[in-house]
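One-letter residues, chain by chain:
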Amino acid sequence: MRIAIYPGSFDPVTLGHLNIIERAAATVDKLIVGVLENQNKSPLFTAAERVEMIGLVTKDIPNVEARAFNGLTIDFARQCKAQLIVRGLRAITDFEYELQMAQTNRILAPEVDTVFFTTELKYAYLSSSTVKEVAHFGGNFECFLPSLVAQRVHDKLKK
Ligand code: ADP
């Protein structure tokens with residue numbers, strides 16, 4: 001069974017992430033979206049909320065599930081019995097960091113490979129942090145998010 005993990009902060013999950021999830025899920029038997037809990041910056045949503053939202057927006061893709069994790073990505077990959085780590089590439093600026101991470105992980109866990117999906121062009125400039133910034137200053141961010149997630153952002157900002 002071919003298992004992949006797709007790790008990230010997903011704070012919150014965007015249409016760019018969802019596009020990678022759909023395409024990656026079509027190439028493996030099981031895709032586990034790993035929601036990183038231990039971020040330095042304080043996240044907008046708790047890990048449990050992020051996991052729940054990913055579950056809801058991927059409910060029609062049967063081989064996708066979301067789980068929270070802490071610590072090293074390769075340890076999470078091993079727990080999940082995954083052979084692959086999926087990452088998304090938006091621009092050259094992502095490349096250097098991603099290459100460094102992939103090569104480090106390959107040394108730490110030679111049995112796990114990293115595969116990259118290039119972004120759909122229309123999502124090339126989309127990141128969770130941009131969405132949060134636009135939302136914070138009252139801009140229109142709904143077009144970047146699945147509608148259920150956009151609603152959750154509205155609710156969160158009202159609080
Ligand atoms: P961000 O906060 O920058 O959105 P995450 O840590 O949540 O980042 O992202 C997890 C993974 O998804 C990373 O590999 C990242 O490059 C990728 N990713 C994020 N946004 C996009 C997008 N719009 N298109 C393709 N890949 C993306």
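The structure this text deals with has already been given above.
Let us look at the structure shown here. All figures in this text were calculated on a predicted structure; none of them were measured in a lab. (Residues numbered from 1 in each chain as written. Predicted model: local features only at pLDDT ≥ 70, side-chain atom pairs only at ≥ 80, totals over all residues. Heavy atoms only, no water.)

## Quick look at the nonpolar core
Next up, step 1: Counting residues in each nonpolar core, the largest one holds 34 residues, and the members touching the most others are Tyr6, Ile21, Leu31, Val33, Ile54 and Val86.
Next up, step 2: Of all the secondary structure elements, the ones that give two or more residues to this core are β1 (3–8), α1 (15–25), β2 (30–36), α2 (47–57), β3 (64–69), β4 (84–89), α5 (128–136) and α6 (147–158).
Next up, step 3: Aside from chain neighbours lying at most four places away, what touches Val86 is Ala4, Ile5, Tyr6, Pro7, Ile20, Ala24, Leu31, Val115 and Phe117.
Next up, step 4: Core analysis: the second largest hydrophobic core is formed by twelve residues, Ile3, Ile74, Phe76 and Val112 among them. (Core = buried A, V, L, I, M, F, W, Y, C linked by side-chain atoms within 4.5 Å. Buried < 20%, exposed > 50% of the residue type's maximum accessible area, 1.4 Å probe, protein only. Helix = DSSP H or I, 4+ residues; strand = E, 2+ residues; numbered from the N terminus. Contact = heavy atoms within 4.5 Å.)

## What about the site of the ligand?
Next up, step 1: In the region of the ligand, 18 residues are neighbours, and Tyr6, Phe10, Gly88, Thr119 and Tyr123 sit closest.
Next up, step 2: With respect to the ligand, the backbone of Phe10 contributes an N or O atom lying 2.9 Å from an oxygen atom.
Next up, step 3: With respect to the ligand, the backbone of Leu126 contributes an N or O atom lying 3.0 Å from a nitrogen atom.
Next up, step 4: About the coverage of the ligand: the protein hides 91% of its 540 Å² of free accessible area.
Next up, step 5: Sorting the residues of the shell around the ligand by element identifies β1, α1, β4 and α4 (92–108) as the ones contributing at least two each.
Next up, step 6: Across the shell around the ligand, the residue classes break down as six nonpolar, eight polar and four charged. (Near = heavy atom within 4 Å. Polar contact = N/O pair within 3.5 Å; in protein donor to acceptor, adjacent residues only side chain to side chain. Areas by Shrake-Rupley, 256 points an atom, 1.4 Å probe, with all protein chains shown as cover. Nonpolar A, V, L, I, M, F, W, Y, C, P; charged D, E, K, R; others polar.)

## Considering the packing of aromatic side chains
Next up, step 1: Enumeration according to the criterion identifies two aromatic pairs in this entry.
Next up, step 2: Look at Tyr6 and Phe10: their rings are 5.0 Å apart centre to centre, the planes differ by 75°, and that puts the pair in the edge-to-face class. Side by side, Tyr6 and Phe10 carry an identical accessibility label, which is buried. (Phe/Tyr/Trp six-rings, centres within 6.5 Å; stacked < 30°, edge-to-face > 60°.)

## Quick notes on unusual backbone geometry
Next up, step 1: Following Asp11, the chain continues to Pro12 via a peptide bond in cis, the omega torsion being 0°.
Next up, step 2: Within the secondary structure, Pro12 is located in the loop between β1 and α1.
Next up, step 3: One non-glycine residue, Phe10, lies in the positive phi region at around 50°.
Next up, step 4: Among the secondary structure elements, Phe10 is positioned in the loop between β1 and α1.
Next up, step 5: Positive phi, close to 55°, is recorded for Lys81, a residue that is not glycine.
Next up, step 6: Here Lys81 lies in the loop between α3 (73–79) and β4.

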